[in-house]
Amino acid sequence: MAEPAEPEFFFDPTDPAFRRNPYPVYAKLRDEHPLLAGPLNSWVVSRYEDVEALLRDRRLGKDLGGTQFFAQVAGAGPDEEPPPFLGLGLDGWDANLFRLLDPPDHTKLRNLVAAPFTPSAVEALIKSVTAVVDELLADLPERFDVMEVLASQLPVRVLGDMMGIDREDQKLLAAWSTEIAHILELGAAPSEDVALACQRAVAQCTEYFVKVLREREGGDGTDLITELTRAGETIEGLTIHQVAAVCVLLIVPGLDTFANLIGNAAVILAEHPDVLERLAADPSLADDVLDEVLRLEPPTHASWRVVNEPITLHGRTMEAGAVVLLMLAAANRDERAFENPDTLALGKHGRKHLSFGRGIHYCLGDNLSRLMAKEALIGLAKRCASIKPDDDEVALKPGLWLRGPARLPVTTTPRVG
């Protein structure tokens, strides 16, 4: 198991000062503690080269079920009455969902949903995504909330339409997603109300998808859920609850983390009016702008893994059963990998950010997220000659590793012509 937290540098991600600006702490981690015995008996890894290698390392997995970390997060042993859990509901089948995150189950479930997210499949969505962006940004007032008008609306519209979900039910999915996002905050300590709300949302969202899956069994539709029911029938031993869980896990990261990405991007464009102007003049720069947003301010700052076989790094050994927090945001600003890593520089970095991960757990929605984000950024640049947040300090959503504005009211100068 991991060693106790190191007294010479106590890494506390719950510190409000860290939440406001984590980057000086990340620099200290990289420079002085590249492998730190951190919170909840986890290891913390922060350098680019190390994080990239461990993301690809097959000695690491994502099955938390048998780890001490999971027991602490869940807060209950087998003979105790389980308290509210900050992540999945720990009720029946969904308590075992973490066990589906390593091969062969991971491979089975990933293959189930891979087809709609291939580059060619996503390319076919360009016109529909652009149409949604144009609709959301039509008649844009000079003052509006980026999170409310664009960031939270775009992904639920696109994913909801792909799933064949009507507009009213899309609102339900968006509300559930906000609550279920605590799944991704491993190591957080939410209030009992927050934890119970998360648990209820998991149950309600799962029940919803089970119902829809059953309604569409045997159908000939081309929506994503109908295709999942057909594909699921070809996989031996796959239950309808597992397919519903896949739908839940498509919705949650797809909505909440994408909203963070667009909010963070809008803040960066406000700080760099020259980039906003260049993007308006040349929309082909959207890829470069997006990559720098993802490098400088990713929507998820850490990714977790479980050590399945002992791994030695920087002269220390992470034993089997330990949990590793791979600090994506710290690695993305590693001066060993990037020149002037805290500065936005379009197309000048030879290495790629790690915000979508690497290896077998690489973000399945990468292509779709990039398409939606690029169209959103182009849409803002076409309409806004300047963007200025109304608040001196951007109010962030609560949490540890997810990072994005809770709200982002801005005043803009409309672009003429």
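- Looking at an unreviewed UniProt entry, one finds the protein chain named Cytochrome P450, with Streptomyces eurythermus as its source organism.

Digging into the overall build of the protein chain
Reasoning step 1: Scanning the protein chain from terminus to terminus reveals 17 helices and ten strands.
Reasoning step 2: Each of the 417 residues in the protein chain was classed as buried or not, and the buried ones make up 54%.
Reasoning step 3: When contacts within the protein chain are restricted to residue pairs at least 6 apart in sequence, long-range pairs at least 24 apart make up 74% of them.
Reasoning step 4: Total accessible area on the protein chain stands at roughly 18,200 Å², and carbon and sulfur atoms take up 51% of it.

Looking at the pairing of strand 5 (residues 302–307)
Reasoning step 1: Burial of strand 5 is extensive: six of the six residues sit out of reach of the surface.
Reasoning step 2: Judged by which residues are buried, strand 5 turns out to be covered on both faces: Ala-302, Trp-304 and Val-306 on one side and Ser-303, Arg-305 and Val-307 on the other are all buried.
Reasoning step 3: Relative to strand 5, strand 3 (residues 60–61) runs antiparallel, the two sharing two bridges. Considered in strand 5, the bridge of Leu-60 is made with Val-307.
Reasoning step 4: Bridge analysis of strand 5 against strand 8 (residues 323–327) gives five bridges, and the strand direction is antiparallel. If you follow Trp-304 over to strand 8, its bridge partner there is Leu-325.

Some points on the side chain of Arg-358
Reasoning step 1: Looking at the element boundaries, Arg-358 is found in the loop between helix 16 (328–331) and helix 17 (366–383).
Reasoning step 2: According to the relative accessible area criterion, Arg-358 is buried, its value standing at 11%.
Reasoning step 3: Separated by 3.5 Å, the side chains of Arg-358 and Glu-52 make a polar contact.
Reasoning step 4: In terms of polar contacts, Arg-358 uses its side chain to reach the backbone carbonyl oxygen of Lys-352, at 3.3 Å.

Remarks on the nonpolar core
Reasoning step 1: One finds Leu-154, Met-163, Leu-173, Phe-209 and Leu-368 to be the most contacted residues of the largest nonpolar core, which totals 82 residues.
Reasoning step 2: Element by element, the count of residues in this core is highest for helix 13 (residues 240–271), at 20 residues.
Reasoning step 3: The next biggest cluster of nonpolar side chains, apart from the first, holds 21 residues, and it includes Tyr-48, Val-307, Val-324 and Leu-354.

Here's the deal with the pattern of salt bridges
Reasoning step 1: On inspection of all chains with the given rule, the structure shows 24 salt bridges.
Reasoning step 2: Residues Glu-135 and Arg-157 are paired through a salt bridge, measuring 2.9 Å at the closest nitrogen-oxygen approach. In this pair, Glu-135 sits in helix 7 (residues 126–136) while Arg-157 sits in helix 9 (residues 153–163), placing the two residues 22 residues apart along the sequence.
Reasoning step 3: The exposure class assigned to Glu-135 is partly exposed, which follows from its relative accessible area of 49%.
Reasoning step 4: The salt bridge partner of Arg-333 is Asp-342, with a shortest N-O separation of 3.2 Å.
Reasoning step 5: Judged by its relative accessible area of 11%, Arg-333 is buried.
Reasoning step 6: By relative accessible area, Asp-342 is classed as exposed at 52%.
Reasoning step 7: Connected through shared salt-bridge partners, Arg-30, Asp-31, Asp-334, Glu-335 and Arg-336 make up one network.

Some remarks on the environment of Asn-260
Reasoning step 1: In this structure, Asn-260 sits in helix 13.
Reasoning step 2: For Asn-260, a relative accessible area of 0% corresponds to the buried category.

A short note on the sheet that holds strand 8
Reasoning step 1: On the basis of which strands lie adjacent, the open sheet formed by five strands has the order 1-2-8-5-3 and mixed pairing. The two strands at the open ends of the sheet, each matched to only one other strand, are strand 1 (35–37) and strand 3.
Reasoning step 2: Lying on the sheet, helix 3 (residues 48–56) is in contact with strand 2 (42–45), strand 3, strand 5 and strand 8; it crosses strand 8 at an angle near 130°.

Reading the values: the criteria
- Residues numbered from 1 in each chain as written.
- Predicted model: local features only at pLDDT ≥ 70, side-chain atom pairs only at ≥ 80, totals over all residues.
- Heavy atoms only, no water.
- Helix = DSSP H or I, 4+ residues; strand = E, 2+ residues; numbered from the N terminus.
- Buried < 20%, exposed > 50% of the residue type's maximum accessible area, 1.4 Å probe, protein only.
- Contact = heavy atoms within 4.5 Å.
- Areas by Shrake-Rupley, 256 points an atom, 1.4 Å probe, with all protein chains shown as cover.
- Pairing = 2+ DSSP bridges.
- Polar contact = N/O pair within 3.5 Å; in protein donor to acceptor, adjacent residues only side chain to side chain.
- Core = buried A, V, L, I, M, F, W, Y, C linked by side-chain atoms within 4.5 Å.
- Salt bridge = Lys/Arg side-chain N within 4 Å of Asp/Glu carboxyl O.
- Axes fitted to C-alpha atoms, helices over the stretch in contact; angles between N-to-C directions.

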